[in-house]
Structures are given as C-alpha cells and as structure tokens.
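Breakdown of the fold
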Amino acid sequence: DLVGGLAPDVGMAAQALVQEAQAKGLSTVHLNPSAVYGPSPSCTALNKLIVDVLNRKVPLLPPLGIPYVHADGVAQAHIQAWEHAPDGARYLLSDGYTSYRELGEHVAKIAGHGRVPPVAPLWLLKGVVGLTSPLGDWFGLRPPMSRGELAFLQWDVRVDASKAQRELNFQQTALAAGLTESVKY
C-alpha cells in the first residue's frame with residue numbers, strides 16, 4: 001500500500017521493532033548508512049547504478065545527488081559499535097555526497113569509455129513518473145522510477161557522520177578510491 005504516495009518505510013518499521021525490544025531490556029545500537037556501494041554479498045541500488053553506467057545501460061542520470069558510504073566502512077563501523085558504543089547510541093554513516101553526474105564521470109573514467117549519460121531535468125522525471133506510475137499500477141509493470149524514488153531523490157539530503165567518526169573511529173573512503181576498488185571487484 002502507498003501512504004501519501006510513498007511505500008511504507010521498511011527501515012522505520014524495523015527501527016520501531018528494535019525500540020520495542022530495547023524497551024524490554026535488549027541492548028541496542030543504531031547504525032544508519034547512506035547509500036552503500038562497494039564489494040558486498042548483495043547488489044545494492046547504488047552498485048546496480050554503477051554497473052549499469054559501466055555497461056552503458058543508463059540513458060539519463062537523475063539530477064541532484066546522493067550521500068554514499070563504502071561497504072567496508074559500514075562493516076568496520078558495525079564492529080566498532082559492537083565493541084565500543086553505549087547502549088541506545090545512534091550513528092549516521094556517510095563518506096560524503098556526490099552529484100549523479102560526478103558519480104557517472106568517475107565511473108566512466110575508471111571504465112575508460114568516457115561516456116557519461118546526460119542528466120535528466122527534474123521536470124522530465126516528474127512527468128515520466130506521473131505518466132508511468134498509473135500505468136505500472138494498472139498493468140503490474142515496474143515504472144522507470146517510482147513515486148517514492150522521486151520523492152527520495154528530491155530530498156537531496158546531506159549526512160553528517162561526525163559522531164561516528166569521533167566515537168567509532170569511522171574512516172571515510174574517498175569516492176574515487178572506493179569506485180576504483182568496486183569496479184575492479
């Protein structure tokens with residue numbers, strides 16, 4: 001079901017369950033990563049975008065940008081949190097923020113093909129979502145971008161990971177270095 005045009009946030013529901021368990025005495029620490037990329041056992045949304053840009057399957061990049069974090073940093077932060085974080089602590093994990101254009105430029109440079117997809121104007125994405133979402137609902141098809149994805153994109157959020165840096169010794173990975181490793185993987 002859609003709530004206000006957005007799919008319910010699974011992360012928020014999971015967090016509510018954790019808070020309920022915490023109220024019953026379970027020791028908890030919350031780590032909230034930005035968009036995760038890099039070698040991992042599952043394909044994240046950002047990894048899929050990187051692979052699709054590598055394979056020239058992206059006709060247009062979204063406007064604006066995204067906060068990102070390398071999978072290795074997320075793993076290390078979890079270990080540090082397990083060993084050092086106080087009960088109930090909350091941490092945001094992010095290496096930084098990049099525009100989708102800059103991300104595409106890095107990937108194209110690493111791939112050596114130099115093709116960076118053009119950036120779609122926001123008005124075009126709104127029109128595409130407005131037209132394809134009802135069709136997807138009627139015919140059970142996945143539109144190129146959902147209403148929820150468009151809403152998330154428009155937040156254009158920046159993440160402050162300074163608390164994780166101070167308390168967990170969270171080490172940020174430079175985007176170019178992380179992408180180079182990811183593409184080799």
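Below or above, wherever it landed, is the structure these notes cover. It should be emphasised that the depicted structure is a prediction, and the values quoted were computed from it without experimental measurement. (Residues numbered from 1 in each chain as written. Predicted model: local features only at pLDDT ≥ 70, side-chain atom pairs only at ≥ 80, totals over all residues. Heavy atoms only, no water.)

**Describing the layout of surface pockets**
Space inside the second largest pocket adds up to approximately 230 Å³. Lining the second largest pocket we find Ser27, Thr28, Val29, Leu31, His78, Ala81, Trp82, Ala85 and Asp87. The greatest single-element share of the lining of the second largest pocket, amounting to three residues, is contributed by helix α3 (residues 71-84). Split into classes, the residues belonging to the lining of the second largest pocket amount to five nonpolar, three polar and one charged. (1 Å grid on protein atoms, 1.4 Å probe; cavity = no way out; pocket = protein on both sides within 12 Å on 5 of 7 lines; lining within 4 Å. Points joined across faces, edges and corners; volume = space filled by probe spheres on them. Helix = DSSP H or I, 4+ residues; strand = E, 2+ residues; numbered from the N terminus. Nonpolar A, V, L, I, M, F, W, Y, C, P; charged D, E, K, R; others polar.)

**Remarks on the packing of aromatic side chains**
Scanning the model with the defined rule gives two aromatic pairs in all. With a centroid separation of 6.1 Å and an interplanar angle of 65 degrees, the aromatic rings of Tyr37 and Tyr68 are classed as edge-to-face. Of this pair, Tyr37 sits in strand β2 (residues 35-37) while Tyr68 sits in strand β3 (residues 65-70), and the two are 31 residues apart along the sequence. For Tyr37, a relative accessible area of 0% corresponds to the buried category. A cation sits over an aromatic face here: Arg158 above Tyr97, 3.6 Å from the ring centre. (Phe/Tyr/Trp six-rings, centres within 6.5 Å; stacked < 30°, edge-to-face > 60°. Buried < 20%, exposed > 50% of the residue type's maximum accessible area, 1.4 Å probe, protein only. Lys NZ or Arg CZ within 6 Å of the ring centre and 35° of its normal.)

**Observations regarding the pattern of salt bridges**
Here the structure, examined in full by the defined rule, presents six salt bridges. Of the charged contacts, one joins Lys24 and Glu20 as a salt bridge, the two residues approaching to 3.7 Å between their closest N and O atoms. On the basis of relative accessible area, Lys24 is assigned to the exposed category, the value being 67%. We classify Glu20 as partly exposed; its relative accessible area is 46%. For Arg142, the salt bridge is made with Glu149, and the minimal N-O distance between the two is 2.7 Å. Judged by its relative accessible area of 57%, Arg142 falls in the exposed class. (Salt bridge = Lys/Arg side-chain N within 4 Å of Asp/Glu carboxyl O.)

**Some remarks on helix α2 (residues 45-54)**
Within α2, burial applies to Leu46, Asn47, Leu49, Ile50, Asp52 and Val53. Buried-residue contacts for α2 involve β2, β3, α4 (100-111) and α8 (175-184). Following α2 by one or two positions, Arg56 has its phi on the positive side, about 55 degrees. (Contact = heavy atoms within 4.5 Å.)

**Structural notes on the side chain of Ser182**
Within the secondary structure layout, Ser182 lies in helix α8. Accessibility expressed as a relative area gives 13% for Ser182, which makes it buried. From its side chain, Ser182 meets the backbone oxygen of Gly178 in a polar contact 2.8 Å long. When neighbours within four sequence positions are excluded, Ser182 is seen to be in contact with Tyr37, Gly38, Pro39 and His70. (Polar contact = N/O pair within 3.5 Å; in protein donor to acceptor, adjacent residues only side chain to side chain.)

**Things to note about the nonpolar core**
A general tendency of soluble globular proteins is for nonpolar side chains to be buried together. In this structure, Tyr37, Leu46, Leu49, Tyr100, Leu103 and Leu179 are the most contacted members of the largest nonpolar core, which totals 22 residues. Counting residues per element, the ones that place at least two in this core are α2, β3, α4, α5 (122-139), α6 (147-155) and α8. Ignoring any residue separated from it by four or fewer positions in sequence, one finds Tyr100 in contact with Leu49, Leu61, Pro62, Pro63, Leu64, Gly65, Ile66 and Leu153. (Core = buried A, V, L, I, M, F, W, Y, C linked by side-chain atoms within 4.5 Å.)

**Quick notes on the environment of Val119**
Secondary-structure assignment places Val119 in the loop between α4 and α5. For Val119, a relative accessible area of 35% translates into the label partly exposed. Separated by 66 residues in the primary sequence, Val119 and Tyr185 place their C-alpha atoms 27 Å from one another.

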